[in-house]
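Geometric and topological summary
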Amino acid sequence: MREGTCQFAAMNVVFAVKQYISKMIEDSGPGMKVLLMDKETTGIVSMVYTQSEILQKEVYLFERIDSQNREIMKHLKAICFLRPTKENVDYMIQELRRPKYTIYFIYFSNVISKSDVKSLAEADEQEVVAEVQEFYGDYIAVNPHLFSINILGCCQGRNWDPAQLSRTTQGLTALLLSLKKCPMIRYQLSSEAAKRLAECVKQVITKEYELFEFRRTEVPPLLLILDRCDDAITPLLNQWTYQAMVHELLGINNNRIDLSRVPGISKDLREVVLSAENDEFYANNMYLNFAEIGSNIKNLMEDFQKKKPKEQQKLESIADMKAFVENYPQFKKMSGTVSKHVTVVGELSRLVSERNLLEVSEVEQELACQNDHSSALQNIKRLLQNPKVTEFDAARLVMLYALHYERHSSNSLPGLMMDLRNKGVSEKYRKLVSAVVEYGGKRVRGSDLFSPKDAVAITKQFLKGLKGVENVYTQHQPFLHETLDHLIKGKLKENLYPYLGPSTLRDRPQDIIVFVIGGATYEEALTVYNLNRTTPGVRIVLGGTTVHNTKSFLEEVLASGLHSRSKESSQVTSRSASRR
C-alpha cells in the first residue's frame, strides 16, 4: 500500500516526481496503457514528462477522471494518478463499478485514509484493481531545486484560508516524503501563518511517523518556513535573467508561455513550452543575464544555419536518404527550439524598449538597494512624466518608494499619489499602493529589509557599486539570500526564527528546505541555485505556495483583503479620489 522503495537522488524535486511516474508505468508491465489523471495531477505530470516521452513507454491515451464521455477500451490497462480528494475517490468508485479498462493500477499522490481504501475495495466487485499505492508527487516541480503548490491567494488577512492551509500542508509533507526527509522545523516568528503551517506539518509527521522513518543522517534536514510579507520588495522588481524575465514580462504557467498577444505571431507559436528538462538552450541559459541571452541566441542561429539541410543536397543514394532521415528529427527539434527562443527573446526586447524598462529598472534597483531619498524621489517623478512608462510600472515604482521610505521624515507619498492620478493611473493600481504597505510594511516585517547592518555590509554594498555596468540592473539580492547565508553559517537568530519543539540543531545544516507562504520568486530560485553551486556540502530546495511575478504578487495582496482594512494609509488615495 505504501510507497515502493524508489531510491531518489536527494534534493532534486524534478527527479523525485519523474521517478514516481516512471515507476507507476513500469509496475503496470508491458502492454498498451491509458493514464487517468485529475486536473492537478495532469499539471504535475506535464512538468516533468513530455507527451512523446510517455508515449515511448506504451502510454497511448491521456484521460481526465472527471471527463464524462470516455470510451470503453477493454484492451487498455489503466494507470490512475490522482490526488486523494473525496471527489476523486467518488469518481474512482463509479469507475470501478463499471470499469472501462481491463485492469487498474491506482496511485494516490498523498496519504489516503483507510476508510477510502475500503470504499474502493467494496466497489471493486469485478476485481479489476491490481494495486493501490501512495506515491508522493503532490506538488509542482518547477526546477530541480524549486517547487510550487500552485495556490494564489493563500491567506485572508494575516491568517490562512483553511482550505489552502490544508492543501499546502499536504504539498509540503508530500515533498518531504518524496525527498525522504524528516526535518527539524524552524519558522519566522513574526508570522502567525508560518507558525501555523509549521504546526500542521509537524502534526502529519507525528501521525504518519512510520512513513517518516528514514535512515537517520548525521545532521538532520531542516525545514525553514517564511512569509512573503517579510520581503515585499523582491516580487515587485523587474527581472533580467532569462527564466525570471520571461515570467515577469510574459508569464510562465506550468512551463507554458502564452504568446498569442505577440504582434504577427504564427499559429504554431501561440503557446510555447519552456522546460529545462528537454530544451538544452533553455537549460543552459535560464539563469543568464538578458545581454548574454542575446549573443547566445545569435550563436544558436548560426549553428542552425550550418546544420540546416541544404536544399541542393542531392539525395542520390539510399545512404544519403538514410542520413537525412536520421538527422531530420534532430533538425526538426532544433528548428523548433530556434524559432521558439528567437520569438521569446524578440518579444522580451520589444517590451523592454516599448515600456522603457531599462530606465524603470534602474530606478527600481536604486529604490531597493540605495538609501538616497532625494535622488530616488527625483528619478520617480521624472519617470512618471514619461509617456512610455505604463501605469503598471508607474504604480510599481511608487509601491517600492512607499515601502522603502515609509517612515522617512520627508516622505512624499501624497505628492506621488497625485502624480499617479494626473498620469491617469487607474484607481485599482493607486489603491494597491497602500495595500502593499499594509501587506509588507515596517509594522509587519520581522526583519530590517533596507539598512546595511554593519561596516562590512556597507563596504560590500560600496564594492558592489564599483563593479560596473552589468550590475546596475541586478544589484538587488533578495532578503532570502541573507537569511540563508546566516542559516548556513549557524548564525540565524533563534529569537527571530525559533525551532518548533524543544530540540535544536547543533551542527550547521546540510539539507535545507525553505518554504515561502504567499509565494516565492524566480529571483529567489536563482539565489538558491547560486548558493547550491558555491556552498559545498549544502543542498537547498526552495518552495512556495506559488511562484510570483509582480502581477500575481499584486493579486496575492488583493486576495489577502488587507487593503480594505487599512484606514490611515488609504487616506491619501481617498483624498485625491474625492476630487474627481
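In the block above lies the structure referred to throughout.
Rules and cut-offs
- Residues numbered from 1 in each chain as written.
- Predicted model: local features only at pLDDT ≥ 70, side-chain atom pairs only at ≥ 80, totals over all residues.
- Heavy atoms only, no water.
- Helix = DSSP H or I, 4+ residues; strand = E, 2+ residues; numbered from the N terminus.
- Buried < 20%, exposed > 50% of the residue type's maximum accessible area, 1.4 Å probe, protein only.
- Contact = heavy atoms within 4.5 Å.
- Areas by Shrake-Rupley, 256 points an atom, 1.4 Å probe, with all protein chains shown as cover.
- Expected span 1.5 Å × (residues − 1).
- Pairing = 2+ DSSP bridges.
- Axes fitted to C-alpha atoms, helices over the stretch in contact; angles between N-to-C directions.
- Right-handed = clockwise from strand over helix to strand, strands pointing away.
- Salt bridge = Lys/Arg side-chain N within 4 Å of Asp/Glu carboxyl O.
- Left-handed = near helix turned anticlockwise from the far one by under 90°.
- Nonpolar A, V, L, I, M, F, W, Y, C, P; charged D, E, K, R; others polar.
- Phe/Tyr/Trp six-rings, centres within 6.5 Å; stacked < 30°, edge-to-face > 60°.
- Lys NZ or Arg CZ within 6 Å of the ring centre and 35° of its normal.
- Patch = residues over 30% accessible without salt bridge, like charges linked within 9 Å, V, L, I, M, F, W, Y side chains within 5 Å.
- Core = buried A, V, L, I, M, F, W, Y, C linked by side-chain atoms within 4.5 Å.

**Considering the overall build of the chain**
For the chain, the helix and strand inventory stands at 21 helices and 18 strands. When each of the 580 residues of the chain is scored for burial, the buried share is 53%. Within the chain, contacts between residues at least 6 apart in sequence are counted, and of these 81% link residues at least 24 apart. Accessible surface, the chain: about 27200 Å² in total, of which carbon and sulfur atoms supply 51%.

**What to know about helix H14 (residues 391-404)**
The α-helix winds at 3.6 residues per turn, so residues separated by three or four positions along the chain end up facing the same way. For H14, spanning 14 residues, the distance from its first C-alpha to its last is 20 Å, which sits close to the expected 20 Å at 1.5 Å a residue. Buried residues dominate H14, accounting for 13 of its 14 residues.

**Regarding the sheet that holds strand E5 (residues 129-134)**
Taking strand neighbours across the sheet as the criterion, the five strands line up as E2-E1-E3-E4-E5 in an open arrangement whose pairing is parallel. This sheet does not close on itself; its edge strands, each paired only once, are strand E2 (59-64) and E5. Strand-to-strand twist of the sheet, defined as the mean angle between neighbouring strand axes without regard to direction, takes the value 15°. Here strand E4 (residues 103-108) pairs with E5 via five bridges, running parallel. Within the sheet, the bridge partner assigned to Phe105 lies in E5 and is Glu131. Lying over the sheet, helix H4 (residues 86-97) contacts strand E1 (33-37), strand E3 (77-82), E4 and E5, oriented at roughly 170° with respect to E4.

**Notes on unusual backbone geometry**
Excluding glycine, residues mostly have negative phi values, and the peptide bonds linking residues are mostly trans. Residues other than glycine seldom take positive phi values, yet Asn255 does so here, at roughly 70°. Phi at Asn356 is positive, roughly 60°, even though this residue is not glycine. Tracing the sequence through the fold places Asn356 in the loop between helix H11 (318-354) and helix H12 (357-369).

**Some words on the pairing of E3**
Summarising burial for E3: six of the six residues are buried, a large majority. The alternating pattern of E3 places Lys77, Ile79 and Phe81 and Ala78, Cys80 and Leu82 on opposite faces, both of which are buried. Relative to E3, E1 is paired through five bridges, and the arrangement is parallel. Residue pairing across strands places Met37 opposite Phe81, the latter belonging to E3. Inspection of the sheet shows E3 paired to E4 by six bridges, in the parallel sense. The partner of Lys77 across the bridge, within E4, is Ile103. The parallel pair E3 and E4, bridged by H4, forms a crossover whose chirality is right-handed.

**Considering the pattern of salt bridges**
Under the counting rule described, the total for this entry stands at 31 salt bridges. For Glu40, the salt bridge identified is with Arg167, shortest N-O distance 3.1 Å. Of this pair, Glu40 sits in helix H2 (residues 39-46) while Arg167 sits in helix H6 (residues 162-178); the two residues are 127 residues apart in sequence, bridging distant segments of the chain. For Glu40, a relative accessible area of 36% corresponds to the partly exposed category. Of the residues examined, Arg167 reaches a relative accessible area of 8% and is grouped as buried. The partner of Arg539 in a salt bridge is Asp511, and the shortest N-O contact between them spans 2.9 Å. Taken together, the positions of Arg539 in strand E17 (residues 539-544) and Asp511 in strand E15 (residues 511-517) put the pair 28 residues apart, joining distant regions of the chain. When salt bridges with common partners are traced through the structure, they connect Glu248, Arg355, Glu364, Asp393 and Arg396 into a single cluster.

**Some points on the packing of H14 against helix H16 (residues 427-440)**
In the contact formed by H14 and H16, the axes pass within 9 Å of each other and the chain directions differ by 35°. You can see that H14 and H16 cross each other, and the crossing is right-handed. Across the interface between the two elements, Glu391, Phe392, Ala395, Val398, Met399, Ala402 and Leu403 of H14 pack against Tyr429, Leu432, Val433, Val436, Val437 and Gly440 of H16. Grouping the amino acids of the contact of H14 with H16 by side-chain chemistry returns 11 nonpolar, one polar and one charged.

**Section: the environment of Tyr91**
Following the sequence through the fold, Tyr91 ends up in helix H4. In sequence terms Tyr91 and Asp66 are 25 residues apart; their C-alpha atoms lie 6.9 Å from each other. Ignoring any residue separated from it by four or fewer positions in sequence, one finds Tyr91 in contact with Ile65, Asp66 and Gln68.

**Brief notes about the sheet that holds strand E12 (residues 252-253)**
Strands sit in the order E12-E13-E14 across an open sheet of three strands; the sheet is antiparallel. The open sheet terminates on both sides in strands that have one partner only, identified here as E12 and strand E14 (271-273). As judged from the three bridges shared by strand E13 (residues 256-258) and E14, these two strands associate in the antiparallel manner. The residue of E14 that forms the bridge with Asp258 is Glu271.

**Side note on the packing of aromatic side chains**
Tallying each qualifying case throughout the model produces 12 aromatic pairs. Sitting over the face of the ring of Tyr49, Lys18 holds its NZ or CZ atom 5.1 Å from the ring centroid.

**Details of helix H8 (residues 242-249)**
In terms of burial, H8 is a largely internal element, eight of the eight residues being buried. Restricting attention to buried positions, one finds in H8 the residues Tyr242, Gln243, Ala244, Met245, Val246, His247, Glu248 and Leu249. Following H8 by one or two positions, Gly251 adopts a phi angle in the positive range, close to 90°.

**Let's talk about a nonpolar patch on the surface**
A grouping of Met32, Leu55 and Tyr60 is seen on the molecular surface, where their side chains present a nonpolar patch of about 280 Å² in accessible area. Mapped onto the elements, Met32 comes out in the loop between helix H1 (13-27) and E1. Judged by its relative accessible area of 39%, Met32 falls in the partly exposed class.

**Quick word on the nonpolar core**
Core analysis: the largest hydrophobic core is formed by 166 residues, its most contacted members being Tyr139, Phe147 and Ile517. A total of 10 residues in this core trace back to one element, the largest contributor, which is H14. Among residues more than four places away in sequence, those in contact with Tyr139 are Val13, Ala16, Val17, Ile44, Phe147, Ser148, Ile149, Gly171, Ala174, Leu175 and Ser178. Formed by 20 residues, the second largest nonpolar core is a distinct cluster that contains Ile65, Ile93, Phe108 and Val128.

Functional significance is not addressed by these values, which are geometric in nature.
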